[in-house]
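# Observations on the three-dimensional arrangement
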Amino acid sequence: MTWNLWWRFAGWRERREAILHTLQAERPDVLGVQEVWADSGPGGENLAGWLAERLGMHWTWSRATAQERWHARNGGDTGVDVGVAVLSRYPFLAVAERALPTPPGHRDDGKTALHTLLDAPGGPLPFFTTHLDSGLAASEVRCAQVRELAAFVAEHARGPYPPVVTGDFNAEPDFDEMRLIRGYQTAPAVPGQVLLDAWRFADPALPQGTWDIRTPEAVNFGGRPSCVDHILVGPPGPDSRGWVRTVRRTGDRPVAGVWPSDHAAVLAELSPPGPSLRLSGA
């Protein structure tokens, strides 16, 4: 599952209860979250930790390397930071983070990617989450960031499961940066590396827009929610391990009158180890 949690905006105390309620209902095994807030003082509270404690999950987070824009959006309060996190029902075997680049002439928003190697049934599972730069004219930045992200994935994509890469990419499926990270519609960012977009396995009759579901008038790419949140999975192994069985939107309705976030979440079901799939075409 991947979900942008909308930082400390718009009644965050009530929203975190709605977020928790949604996660309790869905019970994801692994969750990548973006716009996670953390009190920066000693012993300060972290939203990912707060959720993990109540859900009985392991957690880790990566603080953005630049905080100024977020502090400015919070009235100049420097006591609350932003980052990305992973929550997991499986223990972490390894954790790593990577700062993502900003080309010259663009504002550095401090974006990072977070890797966790999970002790999942059937063997280690490499899981990643990230949050790329936003902005209508930021495709150049995101392309640079996905090249670094792809290299990061290649370094840590070890084990019987294909890598799973989640996040708010701030990009629709047909954007250059998404074609680049997937690697099957253009030259891949890392030679030979392909990541399948889980949305390709979705029921086309179900909604796929993930932002802005809360205020449709704020949608930035037309009169429908933008599909900017993604789960990408490497090709499955010979035993069909990691095959995308289902994918759908969730977290897309109020809880007791409170919208959990301005983003919907994406939830995918992946196959555990099992018999090989036999595919044919004519």
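Quantities reported herein were computed from a predicted structural model and do not represent experimental measurements.

## Quick notes on empty space enclosed by the protein
Tallied over the full model, the rule gives two cavities of 30 Å³ or more. Computed from the structure, the largest cavity encloses a volume of approximately 90 Å³. As for the largest cavity, its lining consists of Glu35, Ala64, Trp70, Val82, Gly83, Val84, Asp109, Gly110, Lys111, Thr112 and His131. By residue number, the principal contributor to the lining of the largest cavity is strand β4 (residues 80–88), which donates three residues.

## Things to note about the pattern of salt bridges
In total, this model carries 15 salt bridges according to the counting rule given. For Asp109, the salt bridge goes to Arg69, with nearest N and O atoms at 2.8 Å. Placement of Asp109 in the loop between β5 (92–99) and β6 (112–120) and of Arg69 in helix α3 (residues 68–73) is noted, with a sequence separation of 40 residues between them. By relative accessible area, Asp109 is classed as buried at 3%. Residue classification places Arg69 among the partly exposed positions, given a relative accessible area of 22%. Across the pair Arg98 and Glu148 runs a salt bridge, and its minimum N-O distance is 2.8 Å. A residue pair is termed long-range when its members are at least 10 positions apart, and Arg98 in strand β5 and Glu148 in helix α4 (residues 139–156) qualify at 50 residues.

## Notes on the sheet that holds β6
Taken together, six strands build an open sheet; the order of strands is β5-β6-β7-β8-β10-β9 and the sheet is mixed. Two strands lie at the open edges of the sheet, namely β5 and β9 (196–197), each paired on one side alone. Looking at chain direction, β6 and strand β7 (residues 123–131) are connected through eight bridges and run antiparallel. Looking at the pairing, Leu114 lines up with Thr129 of β7. Relative to β5, α4 is tilted by about 155°, and along the sheet it contacts β5, β6, β7 and β8 (164–168).

## Quick word on the layout of surface pockets
A water-sized probe rolled over the atoms picks out the places where empty space is left. By volume, the largest pocket amounts to about 550 Å³. Lining of the largest pocket is provided by 23 residues; of these, Asp29, Tyr90, Ala268, Glu269 and Leu270 occupy positions nearest its centre. Sort the elements by how many residues they give to the lining of the largest pocket and strand β12 (residues 265–270) lands first, with four residues. Taken together, the residues that form the lining of the largest pocket break down as 15 nonpolar, four polar and four charged. Put simply, the second largest pocket is a space of about 350 Å³. In terms of lining residues, the second largest pocket is bounded by 21 residues, among which Ser134, Gly135, Asn170, Trp211 and His263 are the most central. At three residues, the largest contribution of residues to the lining of the second largest pocket is made by α3. The residue inventory of the lining of the second largest pocket, partitioned by class, reads seven nonpolar, seven polar and seven charged.

## Regarding the packing of aromatic side chains
For the coordinates displayed, the defined rule picks out seven aromatic pairs. Across from the ring centre of Trp12, 3.7 Å away, lies the NZ or CZ of Arg8, which sits over that ring. Stacked on the ring of Trp70, the Lys or Arg Arg69 has its end atom at 5.4 Å from the ring centre.

## Details of unusual backbone geometry
Trp211 connects to Asp212 through a cis peptide bond whose omega is -5°. Phi at Asn170 is positive, roughly 50°, even though this residue is not glycine. When its relative accessible area of 17% is taken as the criterion, Asn170 is described as buried. Despite not being glycine, Ser240 shows a phi value in the positive range, around 65°. By the element assignment, Ser240 lies in the loop between β10 (229–233) and β11 (244–250). Overall, Ser240 belongs to the buried group, its relative accessible area being 9%.

Each value, and the rule that gives it
Residues numbered from 1 in each chain as written. Predicted model: local features only at pLDDT ≥ 70, side-chain atom pairs only at ≥ 80, totals over all residues. Heavy atoms only, no water. 1 Å grid on protein atoms, 1.4 Å probe; cavity = no way out; pocket = protein on both sides within 12 Å on 5 of 7 lines; lining within 4 Å. Points joined across faces, edges and corners; volume = space filled by probe spheres on them. Helix = DSSP H or I, 4+ residues; strand = E, 2+ residues; numbered from the N terminus. Salt bridge = Lys/Arg side-chain N within 4 Å of Asp/Glu carboxyl O. Buried < 20%, exposed > 50% of the residue type's maximum accessible area, 1.4 Å probe, protein only. Pairing = 2+ DSSP bridges. Contact = heavy atoms within 4.5 Å. Axes fitted to C-alpha atoms, helices over the stretch in contact; angles between N-to-C directions. Nonpolar A, V, L, I, M, F, W, Y, C, P; charged D, E, K, R; others polar. Phe/Tyr/Trp six-rings, centres within 6.5 Å; stacked < 30°, edge-to-face > 60°. Lys NZ or Arg CZ within 6 Å of the ring centre and 35° of its normal.

Function cannot be inferred from these measures alone, as they are strictly geometric.
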